[in-house]
Amino acid sequence: MKKIAVLVLMAVFLSLSASLLYAEEKTGDEVLSIATDAVKGKNFMLEDVSIIYDEGGKLWNERIGYLAEEDKSPNHGILRKGFLKNYKIVLFDYKEPLPDIWVFVDKDTGEVLEVYKEE
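Residues numbered from 1 in each chain as written. Predicted model: local features only at pLDDT ≥ 70, side-chain atom pairs only at ≥ 80, totals over all residues. Heavy atoms only, no water.

Q: Tell me about the pattern of salt bridges, and please be specific about residues and values.
A: Counting across every chain of the model gives three salt bridges. Between Glu25 and Lys107 there is a salt bridge, with its nearest N and O atoms 3.6 Å apart. In this pair, Glu25 sits in the loop between helix 1 (2-21) and helix 2 (28-41) while Lys107 sits in the loop between strand 3 (101-106) and strand 4 (112-117), placing the two residues 82 residues apart along the sequence. By relative accessible area, which is 26% here, Lys107 ends up partly exposed. The network of salt bridges with shared partners includes Glu25, Lys88 and Lys107. (Salt bridge = Lys/Arg side-chain N within 4 Å of Asp/Glu carboxyl O. Helix = DSSP H or I, 4+ residues; strand = E, 2+ residues; numbered from the N terminus. Buried < 20%, exposed > 50% of the residue type's maximum accessible area, 1.4 Å probe, protein only.)

Structure, rendered in structure tokens:
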């Protein structure tokens with residue numbers, strides 16, 4: 001009886017492990033929802049903001065080029081160190097004078113990796 005219970009537990013464990021290893025990538029809508037919840041959780045307002053799913057990180061790459069030239073930013077260089085690899089990006093594009101917010105979400109797990117507020 002113990003052998004059967006052990007085999008059943010092993011089968012369940014292997015099934016769960018396989019589903020974690022082959023997790024489906026989060027959709028753009030899922031990433032938008034996760035990022036919005038993260039911004040709300042940090043008590044940032046969502047009025048007068050355009051929420052943009054940054055497909056392929058194009059907007060972020062443009063912004064990084066700008067930050068690389070601007071030494072006055074207190075955040076200069078902190079997001080260029082390669083700590084983010086497997087992510088999708090959402091931009092919360094606020095109207096001036098409010099700073100924009102970028103949210104980086106793991107594309108497989110949906111974990112919020114970073115909420116970056118421009119200074």
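From this point, the discussion proceeds with the structure in view.
Q: Give me the lowdown on the pairing of strand 2 (residues 87-94), citing residues and values where you can.
A: Summarising burial for strand 2: six of the eight residues are buried, a large majority. Pairing analysis gives five bridges linking strand 1 (residues 49-53) to strand 2, with the strands arranged antiparallel. In the sheet register, Val49 faces strand 2, and the bridge partner there is Tyr94. In this antiparallel pair of consecutive strands, strand 2 and strand 3, the connection spans six residues. (Pairing = 2+ DSSP bridges.)

Q: Please provide a residue-by-residue account of the side chain of Asp54, values included.
A: Looking at the element boundaries, Asp54 is found in the loop between strand 1 and helix 3 (58-69). Of the side chains with opposite charge, Lys58 comes closest to the buried, unpaired Asp54, at an N-O distance of 7.6 Å. For Asp54, the side chain forms a polar contact with the main-chain nitrogen of Leu59, separated by 2.9 Å. Setting aside anything within four residues of it in sequence, one finds Asp54 in contact with Leu59, Trp60, Ile89 and Trp102. (Lys, Arg positive; Asp, Glu negative; His and termini not counted. Polar contact = N/O pair within 3.5 Å; in protein donor to acceptor, adjacent residues only side chain to side chain. Contact = heavy atoms within 4.5 Å.)

Q: Quick one: what's the story with the confidence of the model for the protein, residue by residue and with numbers?
A: In the predicted model, the protein carries a mean pLDDT of 76, and 64% of its residues have values of at least 70. Taken together, the stretch residues 5-9 has pLDDT below 50 and engages in zero contacts with residues farther than four places along the chain or on a different chain. Low confidence marks residues 80-84, where pLDDT is under 50. Its contacts with residues over four positions away, or in another chain, come to seven contacts. (pLDDT = per-residue confidence, 0-100.)

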